[in-house]
Protein chains: 4
Amino acid sequence: MLRYWTAGESHGKALVTVVDGFPCGLEIDVATIDRELLRRQGGYGRGGRQRIEADRVEILSGTWRLLTLGSPIAMQIVNRDAKLERLDDLDQPRPGHADLTGAIKHLGSIRGVLERASARETAARVAAGALARQLLSAFGIDLLGYVVELGGLPIPVPPGSLADHRSIRDASAVYGLNVEQDGAVKARIDDAGRRGDTLGGIVEVRVEGLPIGLGTHAQWDRKLDGRLAQAVMAVQAIKGVEIGLGFEAARRPGSAVHDPIRYDRSSSHLPHLGYLRPSNHAGGLEGGITNGQPLVLRAAMKPISTLAARLPSVNMATKESEPAAYERSDICAVPAASVVVENVVAFEIARAWTEKFGNDSIAEAQARYDQYLSLSRQR
Amino acid sequence: MLRYWTAGESHGKALVTVVDGFPCGLEIDVATIDRELLRRQGGYGRGGRQRIEADRVEILSGTWRLLTLGSPIAMQIVNRDAKLERLDDLDQPRPGHADLTGAIKHLGSIRGVLERASARETAARVAAGALARQLLSAFGIDLLGYVVELGGLPIPVPPGSLADHRSIRDASAVYGLNVEQDGAVKARIDDAGRRGDTLGGIVEVRVEGLPIGLGTHAQWDRKLDGRLAQAVMAVQAIKGVEIGLGFEAARRPGSAVHDPIRYDRSSSHLPHLGYLRPSNHAGGLEGGITNGQPLVLRAAMKPISTLAARLPSVNMATKESEPAAYERSDICAVPAASVVVENVVAFEIARAWTEKFGNDSIAEAQARYDQYLSLSRQR
Amino acid sequence: MLRYWTAGESHGKALVTVVDGFPCGLEIDVATIDRELLRRQGGYGRGGRQRIEADRVEILSGTWRLLTLGSPIAMQIVNRDAKLERLDDLDQPRPGHADLTGAIKHLGSIRGVLERASARETAARVAAGALARQLLSAFGIDLLGYVVELGGLPIPVPPGSLADHRSIRDASAVYGLNVEQDGAVKARIDDAGRRGDTLGGIVEVRVEGLPIGLGTHAQWDRKLDGRLAQAVMAVQAIKGVEIGLGFEAARRPGSAVHDPIRYDRSSSHLPHLGYLRPSNHAGGLEGGITNGQPLVLRAAMKPISTLAARLPSVNMATKESEPAAYERSDICAVPAASVVVENVVAFEIARAWTEKFGNDSIAEAQARYDQYLSLSRQR
Amino acid sequence: MLRYWTAGESHGKALVTVVDGFPCGLEIDVATIDRELLRRQGGYGRGGRQRIEADRVEILSGTWRLLTLGSPIAMQIVNRDAKLERLDDLDQPRPGHADLTGAIKHLGSIRGVLERASARETAARVAAGALARQLLSAFGIDLLGYVVELGGLPIPVPPGSLADHRSIRDASAVYGLNVEQDGAVKARIDDAGRRGDTLGGIVEVRVEGLPIGLGTHAQWDRKLDGRLAQAVMAVQAIKGVEIGLGFEAARRPGSAVHDPIRYDRSSSHLPHLGYLRPSNHAGGLEGGITNGQPLVLRAAMKPISTLAARLPSVNMATKESEPAAYERSDICAVPAASVVVENVVAFEIARAWTEKFGNDSIAEAQARYDQYLSLSRQR
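Read on for an overview of the structure. (Residues numbered from 1 in each chain as written. Chains lettered and ligands numbered in written order. Predicted model: local features only at pLDDT ≥ 70, side-chain atom pairs only at ≥ 80, totals over all residues. Heavy atoms only, no water.)

1. Observations concerning the relation of the copies chain A and chain B
Phase 1 of the analysis: Each copy superposes on the other: chain A lies on chain B with an RMSD of 0.0 Å after a rotation of 180° and an axial shift of 0.0 Å. Here the copies are linked by what is in effect a two-fold axis. Every residue of chain A has its C-alpha some distance from the rotation axis, and the shortest such distance is that of A:Gln230, at 2.3 Å.
Phase 2 of the analysis: Of all interface residues in chain A, 100% are interface residues in chain B too; the two copies therefore contact each other through one and the same surface. (Least-squares fit on C-alpha atoms with pLDDT ≥ 70 in both. Contact = heavy atoms within 4.5 Å.)

In structure tokens, the structure reads:
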């Protein structure tokens, strides 16, 4: 079982990720992880913190001469702005954050909660996903996250391959797939910034190259759709998750939702075994199991909860009305969220992948993957 | 830790639920469970199976003279239509079901997969939730699920208390909160039925009476929003989950999303400790932790995947194009889904509740709950 | 991940076992499970309850025409003596049982605790193990449990194959491997019975046919030795667990403990790949991983805690000294414990086995097993 | 739920421990952790590595101004001898280690396995336990580990309090409770060293101040005795675990095993609520639950598997007989094992403690502890 946990506060010494159960024998490319970390820090609308930090991962364990050992992989991202010990507590919880709820739950400080609840923690999750995607990549599975709506402005997804889309996204200041629209999106962010306001949006992740058979229908806590939903909804500021048509599926009749099954002998050597679908409304998952089509998932991010134009709050000590505290923050982190969601999805896919093909060694997994395609072709 | 698993096939001998970690000393009302099971079987649009079954739960363990013992509670729902051994396999997987994906994954039969993947399994999950809600009820927490959209037709939610809404819902043939609209909704279902088609919809669950502090912000796999999303997305046919404003939150600026914090001394004895919010866009969760406001969650259900007007499929043996197999099914199960989602939410809330207040005994939990309100009031 | 839970009280309606994650496509022999259940009920020294019950398992789910489906397998053992609702509470906790500790922990009744803590629950665990061993059997792994000491009397283990030993054990009234000694052992049990006393003993389990590589060294909670120790120590009345030489290993120098490694090309096709050991002091586990030698584990069972010659206790209501309550019990259940330990070991081995070879289908696991032997032979 | 994982290779950059679910508001004393780490490095019989390393923990997360935050606590022990990248692979697996089993399992190198399987990893586990014991300490629970047998030489435990015993142990070169015997024990170690041999032994841990009611009888995988056995058996080189009388309990009649229950009103304010036992053969656990008596557990450590007088082995590349590889090692690490076992026991007790009293905050746990003693006194 592939699993991970993170540790670390926003202004603490470091963020730490421990990945347990990663197979032996994969050559890790640290630059791939750093590239994802850098992308997470970017996107139009980020604030001053991103200019201070320049996240780099250090692998502390689990590799020898760049090859994974099958033992736990600990990764560390050192915080440059590690000023936690010098920071003070706050008295006015910020609506939308864990400030109020966490301080009461733990009978503790707001500082102690916000430092952990901060979206800075997502860097540690990105590190886990950026490791996991290298496993997927070794087996021809690729994925991409991008912004499909920002501040109410839809950003259309043009036709094209994942590689095409990656090029476009990498050229976009807002991580969308329509660079010509970047100006309009940036203007909307600037406008929100001028008002002391913040913006949210919707991100989409597409995973390609998946075989049929990851996940299960057999027990509720092992279904892949449920696990993906947990991983994504547990990302800071995410308030909605949908797969395939998602909420739109609720509005159409079944005849316009379910993807007919065709068989194409000439593509039966591919991971989908030749079972083609003229549409992909299911988003690649049927019965909690991958169906060989691209997995498509969207997540809704609320606007950042820290507003320069402070929202009404209460001083928890005096119980008097006071504006919410303000901690340096971004105007919009939807591009960053597209990176985070992409990478937590990568991890869950890798988890399901190792449950199917094992996590002892890449050599064995490779042989099993071929074997499975062969056996399942005969099914 | 409160946890549960289910077992059982659609036409097997019985559905079984085992709930582990339930506190000692709660008087269980079996009729409450049976009432939820009956509701799950109802709602306009169900098919013949519901006329055969009349689900009743039998508690096999974990109670003595109706009081829970703190030991695992096993529940059984016997299938009347227990004809699995006489049923044959299918050759044409039904699009939208686990037929294709599961048969390939397990290198096995379609029958073996569909029998478990069937939504009949949700009866076992409802039993778990209907047990859990009795724990919540003992601490003033109540919840209600209802249909807010069906076949593309929105069903508005009128103002009113949970009790008011329960009365309305219980009087509605489609489990909505606007009985006058029932006729129109039923007509839409009838129309779909005539076309051999099926309908989906959107359900909403509202939980009231929650204290501040259930869930956590501290680790991704323990956040309450993530767990709720997993539990709900893992329900058969659910393709989207959103909390509070959900996807709408992505479209508004932060100033129109985050719920200002006020303090009202006169209500500080209540579970929300006097921390009031003029709006509840967060849907009761901030930072993965309950904030004392009603928890509001919506789920999108796709139309039922089994269509009388059979969809194009493939004979897995011959690989020739053939219409999908047809097994007796419903036209619309959105009302039932509102019951299922309501009850899986109840279970996750109860899980978070016992993590906060313990699962050894109701007597101790009661004392702790009072103590927590007192301690947190002083925070 | 293969996992299981049990539910059920000693005098409740039924014992229930749910096994989740069992591979698809194994033909289950119910008689094998019943035979283990019957053996658990036997052995010299058992009391009246065993004459009332005649445990038979009923499989409620997870199979179709005797083949496993990959879905959860729920099993039920109905209690004949299902008189729980008519039984009263006790006031005088029995030393050695959970009576005192459980009643205080749960602020509840002694009855509510003892009904679950009773060793009758081990029947449900035997069912899980008796299922799991059929999976092992399909891959040439066999195991045997037997009594090696009873009431202080050692019962020697003669040389011989597992099959030889099974024949001897099945012929022994005390499940030992030296039938000629049965009379002396029975006399010791009879003598204890006459004094109103009880006896404990030591059981040994040997597992043969294991490949190299089950378990892991990589993380503490996934090591196979640790998991075996948990499973065995969690069996009622077990107070000690040792693997291989166990405590004796602590007394010898390293040169007399560690098993030299030899290589025998002519046996390299066997699961141990030709890596032979002239001794097996490690008991088949090195670094938390199987080494291809027989896995040997011993467990110490304390005497049954319910004595006819009642031990001093206290009336919990009055706090006055009173003799402990007496509930019908056995004089000696060491033979039964050998069955229970054997079967919980079988389950943990099967769990490690499916972690290595997958739990989707037997057909795939078979292909993988062959493949692994081939790949690891080239290592 | 309190949980932890470790990462790190013997000669990698660092050992890392992540502790998740630790309550908010405890003041951590880093010196306490360093003291345990130092003790782990000590004891007569250690080799050169301990002269290179001087383990110090650095807390990377989870605290603010020394107070825990309720968020994950990551700890790092930097390796001075971090030469992994310069080390070569081995060809001759050392009997007793994971060298052979791990290399085959992972189809990988021996180096990659031994670096993680090495007992150096226990430093990371000691860090987890040394943190956990500070939680226990805040609630009057103390524990001590010491050596009771080494190389076959028993070291008697004199009467005395835990504090008395700690003084003696801290003065002993072999961490025993009979300093006068140290010379004889050291001579035995020296003698083994001269022969190129190694020694094992038996360690004992005693935990005092425990309330009644930690652990449970209700489900096999939550029983405290099982969890302790797992944690201890999963420590490198441990081959046996016993609680209370352990294996000796198997040899006595029940009347000489089970601890009579007495009630002493004058001590009813203590954690044991006045329920006294003239003996403690159960070792503080009945039915998987603490009974208010000292918890006593013993573990058998085999001699170190790396012998200067190399054992017969095989070159895995050539399959020719060759002596086992030799990596710098100790002659005897039983004193160190007493520290490791003591600290993994501390962690499991703390885990059970937080399951009973919660892990949100120390302030709340303190109030609950008092409340529980009050409520359970009335039981």
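2. Thoughts on the interface of chain D and chain B
By convention, interface size is frequently given as the accessible area that disappears when the constituent parts associate.
Phase 1 of the analysis: With 21 residues of chain D at the contact, the number on the chain B side is 21 residues.
Phase 2 of the analysis: In this assembly, chain D packs against chain B so that about 1900 Å² is buried in total across both faces, 39% of it on carbon and sulfur atoms.
Phase 3 of the analysis: On the chain D side of the interface with chain B, the three residues burying the most area are D:Arg222, D:Arg368 and D:Gln371, jointly 26% of the side's total.
Phase 4 of the analysis: Where chain D packs against chain B, one counts 8 salt bridges.
Phase 5 of the analysis: The shortest N-O distance in the salt bridge between D:Asp360 and B:Lys356 comes to 2.6 Å. (Buried area = accessible area lost by both parts, 1.4 Å probe. Salt bridge = Lys/Arg side-chain N within 4 Å of Asp/Glu carboxyl O.)

3. Side note on the environment of D:Ile261
Phase 1 of the analysis: The topology assignment puts D:Ile261 in the loop between β12 (238-243) and β13 (262-263).
Phase 2 of the analysis: Sequence-distant contacts of D:Ile261, defined by excluding residues within four places in its chain, comprise C:Pro93, C:Pro95, C:Leu100, C:Pro312, C:Ser313, C:Val314, D:Tyr275, D:Leu276 and D:Arg277. (Helix = DSSP H or I, 4+ residues; strand = E, 2+ residues; numbered from the N terminus.)

4. Considering the sheet that holds strand β2 (residues 14-20) of chain A
All names here are of chain A.
Phase 1 of the analysis: One open sheet holds the 4 strands; their spatial order is β1-β2-β7-β4, and the pairing between them is antiparallel. Looking along the sheet, the strands with just one partner apiece sit at the ends: β1 (3-7) and β4 (57-59). Averaged over all neighbouring strand pairs, the angle between strand axes comes to 20°, with direction disregarded.
Phase 2 of the analysis: Both β4 and strand β7 (residues 73-78) contribute to a ladder of 3 bridges, which runs antiparallel. In the strand pairing of β7, Ile59 is matched with Met75.
Phase 3 of the analysis: On the sheet, helix α5 (residues 122-138) packs against β1, β2, β4 and β7 and is oriented at approximately 35° with respect to β2. (Pairing = 2+ DSSP bridges. Axes fitted to C-alpha atoms, helices over the stretch in contact; angles between N-to-C directions.)

5. Regarding the interface of chain A and chain B
Phase 1 of the analysis: The interface of chain A with chain B comprises 108 residues on the first partner and 108 residues on the second.
Phase 2 of the analysis: Both sides together, the interface formed by chain A and chain B hides about 8700 Å², and carbon and sulfur atoms give 62% of it.
Phase 3 of the analysis: At the boundary of chain A and chain B, one finds 2 salt bridges.
Phase 4 of the analysis: Across the salt bridge formed by B:Arg251 and A:Glu149, the nearest N and O atoms sit 2.7 Å from each other.
Phase 5 of the analysis: Counting the contacts that link chain A with chain B gives 46 residue pairs in polar contact (both at pLDDT 80 or more).
Phase 6 of the analysis: With 7 residues, helix α8 (residues 224-233) of chain A is the single largest residue contributor to the side of chain A that touches chain B.
Phase 7 of the analysis: Tallied by class, residues from the side of chain A that touches chain B come to 49 nonpolar, 33 polar and 26 charged.
Phase 8 of the analysis: As judged from the 3 bridges shared by strand β12 (residues 238-243) of chain A and strand β12 (residues 238-243) of chain B, these two strands associate in the antiparallel manner. Looking across to β12(B), one finds that A:Glu242 is bridged to B:Gly240. (Polar contact = N/O pair within 3.5 Å; in protein donor to acceptor, adjacent residues only side chain to side chain. Nonpolar A, V, L, I, M, F, W, Y, C, P; charged D, E, K, R; others polar.)

6. Considerations on the sheet that holds strand β3 (residues 24-27) of chain B
All names here are of chain B.
Phase 1 of the analysis: Read from one edge of the open sheet, 3 strands run β3-β6-β5, paired in antiparallel fashion. Bordering the open sheet on either side are β3 and β5 (63-64), each of which pairs with just one other strand.
Phase 2 of the analysis: In this sheet, strand β6 (residues 67-69) lies alongside β3 in antiparallel orientation, the contact comprising 2 bridges. The partner of Glu27 across the bridge, within β6, is Leu67.

7. Quick look at the pattern of salt bridges
Phase 1 of the analysis: Taken as a whole, this structure holds 148 salt bridges over all chains when the rule is applied.
Phase 2 of the analysis: Between D:Asp142 and D:Arg166 there is a salt bridge, with the nearest N and O atoms lying 2.9 Å from each other. Residue D:Asp142 is located in strand β8 (residues 142-150), and its partner D:Arg166 is located in helix α6 (residues 162-171); the two are separated by 24 residues in the primary sequence.
Phase 3 of the analysis: Using a relative accessible area of 23% as the deciding quantity, one classes D:Arg166 as partly exposed.
Phase 4 of the analysis: Through salt bridges with shared partners, a single network forms among A:Arg35, A:Glu36, A:Arg39, A:Arg133, A:Arg169, A:Asp170 and A:Glu342. (Buried < 20%, exposed > 50% of the residue type's maximum accessible area, 1.4 Å probe, protein only.)

8. Digging into the side chain of C:Asp182
Residues and elements named next belong to chain C.
Phase 1 of the analysis: Note on placement: Asp182 falls in helix α7 (residues 182-194).
Phase 2 of the analysis: The buried charged residue Asp182 lacks any salt bridge partner; its closest oppositely charged side chain belongs to Lys186, at an N-O distance of 6.3 Å.
Phase 3 of the analysis: Here Ala173 takes part through its backbone nitrogen, which lies 2.7 Å from a polar atom of the side chain of Asp182.
Phase 4 of the analysis: Those residues in contact with Asp182 that lie beyond four places of it in its chain are Ala171, Ser172, Ala173 and Val174. (Lys, Arg positive; Asp, Glu negative; His and termini not counted.)

9. Let's talk about the packing of aromatic side chains
Phase 1 of the analysis: Taken as a whole and assessed by the stated rule, the structure comprises 40 aromatic pairs over all chains.
Phase 2 of the analysis: The interplanar angle of 0° and the centroid separation of 3.6 Å between the aromatic rings of B:Trp5 and C:Trp5 together place this pair among those described as stacked. Taken as a pair, B:Trp5 in strand β1 (residues 3-7) and C:Trp5 in strand β1 (residues 3-7) lie in two separate chains rather than in one. The pair B:Trp5 / C:Trp5 is uniform in exposure class, with both members buried.
Phase 3 of the analysis: Taking the centre distance of 5.0 Å and the plane angle of 15° together, the rings of C:Tyr4 and D:Trp220 count as stacked. A residue pair is termed interchain when its members come from two chains, as with C:Tyr4 in strand β1 and D:Trp220 in the loop between β11 (212-215) and α8 (224-233). For the residue pair C:Tyr4 and D:Trp220, the accessibility class agrees, reading buried in each case. (Phe/Tyr/Trp six-rings, centres within 6.5 Å; stacked < 30°, edge-to-face > 60°.)

10. Some details on the packing of helix α9 (residues 334-357) of chain C against helix α10 (residues 362-377) of chain C
All names here are of chain C.
Phase 1 of the analysis: Look at α9 against α10: their axes get within 10 Å of each other, and the N-to-C directions meet at 80°. Relative to α10, the element α9 lies roughly perpendicular. In this structure, α9 contributes Trp353, Lys356 and Phe357 to the contact, and α10 contributes Ala365, Arg368, Tyr369 and Tyr372. (Parallel < 35°, antiparallel > 145°, perpendicular 65-115°, else oblique.)

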